[in-house]
Amino acid sequence: MNWDDIRDQAVSWANEAGDVIRKSFEKELTVETKSNADDLVTNMDREVEQYLIDKVSEAYPHHKILGEEGVGEEVSSLDGTVWIIDPIDGTMNFVHQQTNFAISIGVYHEGVGMVGVIYNVIYDEMFHVVKDNGAYLNNVKLPDLEEVPIEKSIIAINATWITNNKRIDPARLIPVVDRCRGTRSYGSAAIELAFVAAGRLDAYITMRLSPWDFAAGKILIEEVGGRVTNLYGEPLNILDKNSIFAGKSDLHQQILDEYLTNE
Ligand code: IPD
Ligand code: CA
Ligand code: CA
């Protein structure tokens, strides 16, 4: 398999899909809700997913495709080559703000992340990676991450996780938020992960993401020496929902030791 070719195709399809999304701003958007009133889906989420899946299945009829909106297939194992696609990550931003949303494409081969593409559409920032062949923002290679002490770190975290919620005792995360230099929340997991890979954020903590939210970002971050695990430092299950803790290696270890895995 030529992974550079696959990366080039994924980048070009993401670019084309970005054009389709930008043009859609002139048309009326149909917004529906899914699992709850805040879980949004639009006609563009479905249209873009269909577009990307058509491209992949035409070029690679034997590859499996897992997409958020269910246009793809049920994928129950990582055997062979699996494309994991989020057509619009940050749909709430797309609907309310028309910015800060991304297309995310991760390609796994026999369980190993090989190609990742995250396209921050409005900023025209294409993050892409081929495993062991470098991570890039547009045409600029992303350097290995430089460690930073927690006191100088910027951590992406949603306020939900430091208020009462059903997934974590906020008392665990409040001291992390207190001690770091600042926090950010962009409302698109793919963008937050891409920003960790680019060194714009030092870590990202969230309690529940689906495969299409993190599939590409994980490959990008690991390529530049960062770590992506669940909140307890364990490997992710690529085909399931996971808590996510991504960050620079030493910072990741320090936060695990001092705040997340201590008794
Ligand atoms: C969502 C975004 C958001 C994250 C949610 C995801 P969607 O994806 O990534 O930042 O907090 O958990 O579901 O629904 O906009 O593709
Ligand atoms: Ca998503
Ligand atoms: Ca989505």
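Up top is the structure.
Reference entry: report on the structure contained in this document.

Conventions adopted
- Residues numbered from 1 in each chain as written.
- Chains lettered and ligands numbered in written order.
- Predicted model: local features only at pLDDT ≥ 70, side-chain atom pairs only at ≥ 80, totals over all residues.
- Heavy atoms only, no water.
- Donors = N, O, S within 2.8 Å, 3.2 Å for Na, K, Ca; no water.
- Buried < 20%, exposed > 50% of the residue type's maximum accessible area, 1.4 Å probe, protein only.
- Near = heavy atom within 4 Å.
- Polar contact = N/O pair within 3.5 Å; in protein donor to acceptor, adjacent residues only side chain to side chain.
- Areas by Shrake-Rupley, 256 points an atom, 1.4 Å probe, with all protein chains shown as cover.
- Nonpolar A, V, L, I, M, F, W, Y, C, P; charged D, E, K, R; others polar.
- Axes fitted to C-alpha atoms, helices over the stretch in contact; angles between N-to-C directions.
- Helix = DSSP H or I, 4+ residues; strand = E, 2+ residues; numbered from the N terminus.
- Parallel < 35°, antiparallel > 145°, perpendicular 65-115°, else oblique.
- Left-handed = near helix turned anticlockwise from the far one by under 90°.
- Contact = heavy atoms within 4.5 Å.

### Side note on the coordination of the calcium ion (ligand 2)
Inference 1: Taken together, the protein ligands of the calcium ion (ligand 2) are Asp86 (OD), Asp89 (OD) and Asp213 (OD), with distances of 2.1 to 2.2 Å.
Inference 2: Between consecutive donor residues of the calcium ion (ligand 2), the sequence gaps follow D-x2-D-x123-D.
Inference 3: Taken as an interatomic distance, the gap from the calcium ion (ligand 2) to the calcium ion (ligand 3) is 3.7 Å; Asp86 donates to each of them. Just as Asp86 is buried, Asp89 falls in that class too.

### Considerations on the site of ligand 1
Inference 1: For ligand 1, the full set of nearby residues is Glu68, Asp86, Ile88, Asp89, Gly90, Thr91, Gly187, Ser188, Ala189, Arg208, Leu209 and Asp213.
Inference 2: Measuring from an oxygen atom of ligand 1, one finds a side-chain N or O atom of Asp89 at 2.7 Å.
Inference 3: Compared with its free state, where it exposes 370 Å², ligand 1 has 73% of that area covered by protein.
Inference 4: The class makeup of the residues in the shell around ligand 1 is three nonpolar, four polar and five charged.

### Concerning the packing of helix α4 (residues 170-179) against helix α7 (residues 249-260)
Inference 1: One way to put it is that α4 packs onto α7 with a least axis distance of 10 Å and a crossing angle of 130°. Considering their axes alone, α4 and α7 lie oblique with respect to each other. α7 is crossed by α4, and the crossing has right-handed handedness. Facing α4, whose interface residues are Arg172, Leu173, Pro175, Val176 and Arg179, α7 presents Gln254, Ile255, Glu258, Tyr259 and Leu260.
Inference 2: Residues of the contact of α4 with α7, tallied by class, amount to six nonpolar, one polar and three charged.

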